[in-house]
Amino acid sequence: MRFINVDADPSAPRIRKLTLAVDEGRCILRWLWPEQLEAVYVERLELNQMNADRMDEGRMGDVDYSDRGGGSTQGKLKLYTREEYKANNGYPDRITGFGAIQYTVYACQMQEDGPVLIRQQDGDNQGIASAGKADIRFAIRYKSGFFQKRKTVFITVTAEVPVPKEALCYVRKQGGVPLNKDDGTMYPFVSDFAAGKNEMPPVEVAKDDYVRLFFTDGPLYGAAYRLISD
C-alpha cells in the first residue's frame, strides 16, 4: 500500500461531498463516487483518544497502517467496496463514549504492487463526528492585598474525563476579562488534566489583569468537550 497526492496526478479519482450523519451512536458516511472507482479505504481516527469503547473487535478488515512504510495515516483503515456502499446506503460506523472522530475516505486504485490511495488536499473527503461531549468545568479565583501591585490567580479544572494539556490554554488580559484566545496573552498548560478535580499552580499577574480558559482549537476540541465556567 502506498499513497500519492492528487496534485501529482490530475487524472486521479477524487472523493466528493463527504457527509456525516450521527444518530443514537451510529454514524453514516456518504459521498459521491468517481466513475469507474470500485473501492475506497476509510480511515477512522479518534482525535482525542477519548472513546471508552473501541469498535467491535469482531469487525474484520480493520488494519492499522500508522507505523508501516508507504503510508502516513494515524487511524485505522478499512477497505470498502462500491457494492457494500450500495447495499448499506453508505458507510455505517458505531461511535460510543466521548470524543471526536475524524473520517477520511481515500479513493483506491489497484496496481501490480498493491493498492494506491489518493491523498486529497481539498478536504472534500474528510469529516469530523462527535461521539458525545465531555464536560470541562473551570473556576478562577483571585487573591491580593490592599497595597500590593500584583495578585495571585488560582485555577481549578474539573474534567469528566482525562483531557490532554494541548486542548486548553489560559489567556491573560489587562483591564478586563478576555473574550477569546486571541484577546490577550495566551499561555499553555504544562501537564495533562486527570478526570476529576485539578488544582493548577498559582499564577502571579498584575492587579488589573484578568484570566480565562479557552480551547486552543475550538472546532477540534469543541467537538469532544464542553468548556463551562463555574
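Note that the structure is predicted; figures quoted are calculated from it, not measured.

Participant: Lay out a nonpolar patch on the surface with the relevant residues and their values.
Facilitator: The grouping of Tyr142, Val177 and Tyr210 at the surface amounts to a nonpolar patch, some 240 Å² of accessible area in total. With respect to the helices, strands and loops of the structure, Tyr210 is situated in strand β17 (residues 209–215). A residue is classified by how much of its surface remains accessible, and Tyr210, at 31% relative accessible area, is partly exposed.

Participant: Break down the pattern of salt bridges for me, citing the residues and quoting the values.
Facilitator: This structure, assessed with the given rule, holds twelve salt bridges. Among the salt bridges present, the one from Lys197 reaches Glu199, with a minimum N-O distance of 3.6 Å. A residue is classified by how much of its surface remains accessible, and Glu199, at 48% relative accessible area, is partly exposed. Linked by salt bridges that have partners in common, Arg14, Arg16 and Asp122 make up one network.

Participant: Give me the lowdown on the nonpolar core, citing residues and values where you can.
Facilitator: Residues Ile155, Val157, Leu168, Leu213 and Tyr225 are the most contacted members of the largest nonpolar core, which totals 25 residues. Among the elements of the structure, β11 (134–143), β12 (150–159), β13 (168–174), β16 (203–206) and β17 are those that each provide at least two residues to this core. Among the elements that make up this core, the one with the highest residue count is β12 (four residues). In contact with Leu168, not counting residues within four places along its chain, are Ile136, Val157, Phe189, Phe193, Leu213, Phe214, Phe215, Thr216 and Leu227. Core analysis: the next-biggest nonpolar cluster, separate from the first, contains 24 residues, Ile4, Leu18, Leu37 and Ala129 among them.

Participant: Can you lay out the confidence of the model for the protein for me, pointing to particular residues and giving the numbers?
Facilitator: Mean pLDDT over the protein: 86, with 88% of residues reaching 70 or higher. In this model residues 50–71 is a low-confidence stretch, pLDDT under 50, and it forms 48 contacts with partners more than four residues away in sequence or in other chains.

Participant: Break down the sheet that holds β17 for me, with residues and values.
Facilitator: The strand order β14-β13-β17 describes an open sheet built from three strands, whose pairing is antiparallel. Single-partner strands in this sheet number two, and they are β14 (185–188) and β17. On average, adjacent strands in this sheet sit at an angle of 30° to one another, irrespective of strand direction. Taken together, the four bridges between β13 and β14 define a ladder with antiparallel strand orientation.

Participant: Go over the sheet that holds strand β3 (residues 26–32) with me, naming the residues and quoting the values.
Facilitator: On the basis of which strands lie adjacent, the open sheet formed by three strands has the order β2-β3-β7 and antiparallel pairing. Either end of the sheet is taken by a strand with one partner, and the two such strands are β2 (16–23) and β7 (91–94). Averaged over neighbouring strand pairs, the angle between their axes works out to 20° when direction is ignored.

Participant: Account for the environment of Thr216, with residues named and values stated.
Facilitator: Checked against the element boundaries, Thr216 lands in the loop between β17 and α2 (218–221). A relative accessible area of 27% places Thr216 in the partly exposed class. For Thr216 and Asn180, which are 36 residues apart along the polypeptide, the C-alpha to C-alpha distance reads 10.0 Å. Ignoring any residue separated from it by four or fewer positions in sequence, one finds Thr216 in contact with Glu166, Ala167, Leu168, Cys169, Lys181 and Tyr221. At 2.5 Å, the side chain of Thr216 and the backbone oxygen of Glu166 are in polar contact.

Reading the values: rules and limits
- Residues numbered from 1 in each chain as written.
- Predicted model: local features only at pLDDT ≥ 70, side-chain atom pairs only at ≥ 80, totals over all residues.
- Heavy atoms only, no water.
- Patch = residues over 30% accessible without salt bridge, like charges linked within 9 Å, V, L, I, M, F, W, Y side chains within 5 Å.
- Areas by Shrake-Rupley, 256 points an atom, 1.4 Å probe, with all protein chains shown as cover.
- Salt bridge = Lys/Arg side-chain N within 4 Å of Asp/Glu carboxyl O.
- Helix = DSSP H or I, 4+ residues; strand = E, 2+ residues; numbered from the N terminus.
- Buried < 20%, exposed > 50% of the residue type's maximum accessible area, 1.4 Å probe, protein only.
- Core = buried A, V, L, I, M, F, W, Y, C linked by side-chain atoms within 4.5 Å.
- Contact = heavy atoms within 4.5 Å.
- pLDDT = per-residue confidence, 0-100.
- Pairing = 2+ DSSP bridges.
- Axes fitted to C-alpha atoms, helices over the stretch in contact; angles between N-to-C directions.
- Polar contact = N/O pair within 3.5 Å; in protein donor to acceptor, adjacent residues only side chain to side chain.

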